[in-house]
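Read off the chains here:
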Amino acid sequence: EAKMNRVGIRVAMSGVLLLTVCALSACKPSYGTKETPIMTTAAQEVEIPMDFDQIHNDVLESVSPSDYPFVKNLNISGDNSAKTVNVEVEIVENVSTEALNTFLNEVMKTIANEAAIQDFRYSKSTDTEYGSFFKKYGVHYIVKQGEETVEDVTVNPGEAFPFSA
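Residues numbered from 1 in each chain as written. Predicted model: local features only at pLDDT ≥ 70, side-chain atom pairs only at ≥ 80, totals over all residues. Heavy atoms only, no water.

(A) How the structure looks around the sheet that holds strand β4 (residues 148-155). Taking strand neighbours across the sheet as the criterion, the four strands line up as β1-β2-β3-β4 in an open arrangement whose pairing is mixed. The outermost strands of the open sheet, each flanked by one partner alone, are β1 (71-79) and β4. Geometrically, the sheet is characterised by an average inter-axis angle of 10 degrees between neighbouring strands, direction not taken into account. As judged from the seven bridges shared by strand β2 (residues 84-91) and strand β3 (residues 138-145), these two strands associate in the parallel manner. When the bridges of β3 are listed, Glu88 appears paired with Ile142. Contacts from helix α2 (residues 52-62) reach β1 and β2 within the one sheet, and its direction differs from that of β1 by about 155 degrees. Contacts from helix α3 (residues 97-118) reach β1, β2, β3 and β4, with the element oriented near 145 degrees to β2. (Pairing = 2+ DSSP bridges. Helix = DSSP H or I, 4+ residues; strand = E, 2+ residues; numbered from the N terminus. Axes fitted to C-alpha atoms, helices over the stretch in contact; angles between N-to-C directions. Contact = heavy atoms within 4.5 Å.)

This is the structure in structure tokens:
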């Protein structure tokens with residue numbers, strides 16, 4: 001009878017072990033997608049127009065006037081069909097080229113970053129380039145000091161800017 005009791009315990013233990021293995025294999029995570037993922041970017045051929053009013057406002061918030069006290073006014077607009085960005089800057093007298101270039105560099109980086117927020121297909125700016133936005137859009141910037149035009153420059157899409165990124 002003791003021998004039958006041990007056999008019964010072994011059978012019972014084997015059953016518990018088998019159930020445990022089966023239960024654990026049912027909990028195994030499955031990898032891969034079971035449903036269509038939500039796309040966060042549009043296909044390359046889909047045109048996403050830039051909201052230049054939003055870009056203008058975001059650049060004004062980001063580029064602090066206290067960091068650039070020589071800037072009297074900054075206006076950013078654009079044309080999606082012509083693929084151009086227009087930047088108009090009014091500065092005070094006696095502004096060094098270095099200070100102006102530092103400011104313009106910061107403005108271009110911020111424009112590119114704001115464009116990348118509106119369309120994720122554009123890469124953001126780094127220390128060495130302005131992201132991919134300016135490969136598709138050109139820039140026309142005018143710097144004025146009162147009535148005098150200090151700079152009037154057009155940078156076509158993909159061209160280098162005359163100041164460093």
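(B) Focus on the packing of α2 against α3. Where α2 meets α3, the closest approach of the two axes is 9 Å, and the angle between their N-to-C directions is 130 degrees. In terms of their interaxial angle, α2 and α3 are classed as oblique. Of the two elements, α2 crosses α3, and the hand of that crossing is right-handed. Across the interface between the two elements, Gln54, Ile55, Asp58, Val59 and Ser62 of α2 pack against Val107, Thr110, Ile111, Glu114, Ala115 and Gln118 of α3. Along the lines of polarity and charge, the residues of the contact of α2 with α3 split into five nonpolar, four polar and two charged. (Parallel < 35°, antiparallel > 145°, perpendicular 65-115°, else oblique. Left-handed = near helix turned anticlockwise from the far one by under 90°. Nonpolar A, V, L, I, M, F, W, Y, C, P; charged D, E, K, R; others polar.)

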